[in-house]
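Working through the structure, step by step
Listed here are the chains, written in short residue letters.
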Amino acid sequence: MLKDAFSATIKYMQIMDENGNIDQQLMPHDLDEKRLVEFYKMMNLARNLDAKALSLQRQGKLATYAPLVGEEATQIGSAMAMGEKDFAVPSFRQHGVYIARGLTLEQFFVYWRGYEEGASIDKKLNMTPVIVPVSTQMPHAAGIAFAKKYMKEDSAVVAYVGDGGTSEGDFYEAINFAGVFKVPLVVIIENNGWAISMPRSEQTAAATLAQKAIAAGIDSIQVDGNDVLAVYKATKDAIKSAKEGKPYVIECLTYRLGMHTTSDDPAKYREDAEVEAWKKRDPILRLGNYLRQKGLWDDSMESSMMDEQLRSIDQALEKAEQFKPNPDSIFENVYSFMSEALEEQMKNADYSNYWQ
Ligand SMILES: Cc1ncc(C[n+]2csc(CCOP(=O)(O)OP(=O)(O)O)c2C)c(N)n1
Ligand SMILES: [Mg+2]
């Protein structure tokens, strides 16, 4: 006998196409015009902040930085679908998620100027700091989700991982755990086409990254990651499902328009034509065109938004540049307690040349 033991399909969702046409049946009912304008402004703020960070890094005023440009819809659409009590576990490129969830621009700059104080995130914001080791945030996210369930909190965990990150053991372990223990975990795969110089096509032979969830027995979907409406709806639905004991994986198809980090030069390994093709699918232009067609946006609103955002970015930077950490902090937060050896070192440390 030979019969099908199991079969599955992966659905793809897009709500707003590249010409601004909306699939009305899928349009989320809770999105009014005001909210769409908020999405647009937040996506722009993320891009403006990103451009500033890149320019500061080039002036030697910021540490190595991973730009988000092109990935705004994936980050803002998912972050805006979360409630205050939900918990975000970003990786290292999700600056849009941080600011959409309330991290101040000043703290963003403090962190990327190299001060760990920037990583000490207000507990009320419910999110972990930047995590650079690829995919190591995933078991943490599954563990936090387990705690949310155990404590019976009305909260889902939304974790972010790159296309490359889905090849790591940590990714599989996390989704396997989530499936077994039915924890409220939503995984956003931010598939931006590249893992440094490794294209998605060479990353895995799997046809979609969403289908990796099937092996863990959890539901998944692939969405147009440059369509903020599709990302929003998928995340909102997934959070609801996760809270009901059904974790979820969402693969967002987007594109890294910039370099991997400021220490990378993508011209060495990818064609300009590919980048140009994706620029035509710019998530901000797409929503902007729609808002203009609907009479919800115009040139004067655009220029006052830009002025306001650039001003607030400059003001935050000014404050962040004045930040002076307490040198003792290099000894703190290494362990949950201070060991005798560390205490001794702290006592004997000489900071007299620290600020020179
Ligand atoms: C465990 C580990 N291996 C390797 C690296 C070096 N590294 C940093 S980012 C990266 C690629 C990540 O690609 P992806 O998951 O697609 O995320 P993206 O950078 O595209 O946002 C690699 C290999 C690392 N930080 N951690
Ligand atoms: Mg990637």
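This write-up is about the structure you can find in this document. The model shown is predicted, which means the values in this text are computed figures rather than measured ones.

Let's talk about the overall build of the protein chain
Looking only at helices and strands, the protein chain has 13 helices and eight strands in total. Here the protein chain holds 356 residues, and 43% of them are scored as buried. Excluding contacts between residues fewer than 6 apart, the proportion of contacts in the protein chain whose partners are at least 24 apart in sequence is 76%.

Considering the site of ligand 1
Around ligand 1, the surrounding shell holds 14 residues, and the nearest of these are V134, G162, G164, G165 and A195. Split by residue class, the shell around ligand 1 holds six nonpolar, five polar and three charged.

Examining the sheet that holds strand β1 (residues 12-13)
Pairing is parallel in the open sheet, where six strands are placed in the order β1-β7-β8-β4-β3-β2. Edge positions in the open sheet fall to β1 and β2 (87-89), since each of these has one partner strand only. Of the pairings in the sheet, the one linking β2 to strand β3 (residues 157-162) comprises three bridges and is parallel in character. Residue V89 lies in a different strand from β3, and its bridge partner there is A159.

Examining the packing of helix α1 (residues 33-58) against helix α11 (residues 283-293)
Contact geometry of α1 with α11 gives a least axis separation of 10 Å together with a crossing angle of 145°. Remark: the crossing between α1 and α11 carries left-handed chirality. For the pair α1 and α11, contact is made by L36, V37, F39, Y40, M43, N44 and R47 and by P283, I284, L287, G288 and L291, respectively. The residue makeup of the contact of α1 with α11, split by class, is nine nonpolar, two polar and one charged.

A closer look at the pairing of strand β8 (residues 248-253)
Within β8, six of the six residues are buried, which leaves it mostly tucked inside the rest of the structure. Both strand β4 (residues 185-191) and β8 contribute to a ladder of six bridges, which runs parallel. Across the sheet, residue E190 finds its bridge partner in β8, namely C252. Examined bridge by bridge, strand β7 (residues 219-224) and β8 share six bridges and lie parallel to one another. If you follow D224 over to β8, its bridge partner there is L253. Taken together, β7, helix α9 (residues 228-243) and β8 constitute a β-α-β crossover, and its handedness is right-handed.

Details of the environment of N333
For N333, the position within the fold is in the loop between α12 (299-321) and α13 (340-348). Along the primary structure N333 and A216 are separated by 117 residues, whereas in three dimensions their C-alpha atoms are 35 Å apart.

As for the pairing of β3
Among the six residues that make up β3, six are buried, leaving the element largely enclosed by the rest of the structure. Of the two faces of β3, the one holding V157, A159 and V161 and the one holding V158, Y160 and G162 are both buried throughout. Where β3 and β4 come together, six bridges link them in parallel fashion. Bridge pairing in β4 links V158 to V186.

Section: the nonpolar core
What tends to happen in soluble globular proteins is that the nonpolar side chains get buried as a cluster. Among the nonpolar cores identified, the biggest contains 86 residues, and A159, L185, V186 and I250 are the most heavily contacted of them. Residues within four places of L185 in sequence aside, it is in contact with A141, A142, A145, V157, A159, A178, A242 and P247.

How each quantity is defined
Numbering of residues starts from 1 in each chain and follows the order in which that chain's sequence is written. Key to labels: chains lettered from A, ligands numbered from 1, both in the order written. Where totals are concerned, whole chains, interfaces and linings use all residues; where local detail is concerned, this predicted model gives features only for residues with pLDDT of at least 70, and gives and counts side-chain atom pairs only at 80 or more. Helical segments are the DSSP runs of H or I of at least four residues, strand segments are the runs of E of at least two, and each set is numbered from the N terminus. Every C-beta atom is placed from the backbone, and the number of other C-beta atoms within 10 Å of a residue's own sets its class: buried at 20 or more, exposed at 12 or fewer, partly exposed in between. With C-beta atoms placed from the backbone, a contact is any residue pair whose C-beta atoms sit within 7 Å. Residue proximity rests on one test: whether the C-beta atom, placed from the backbone, lies within 6 Å of the molecule or strand. Residue polarity is assigned by list, with Asp, Glu, Lys and Arg as charged and Ala, Val, Leu, Ile, Met, Phe, Trp, Tyr, Cys and Pro as nonpolar; anything else, Gly included, falls into the polar class. In short, DSSP must find at least two bridges between two strands for them to pair. Lines fitted to C-alpha atoms define the axes, with helix axes restricted to the stretch in contact, and inter-axis angles between N-to-C directions lie between 0 and 180 degrees. Take the far helix as the reference: if the near one is turned anticlockwise from it by less than a right angle, the crossing is left-handed, and if turned clockwise, right-handed. The definition of a right-handed crossover adopted here requires that, viewed with the strands pointing away, the path from the first strand over the helix to the second runs clockwise. Only buried Ala, Val, Leu, Ile, Met, Phe, Trp, Tyr and Cys residues enter a nonpolar core, and they are joined through C-beta atoms within 7 Å.

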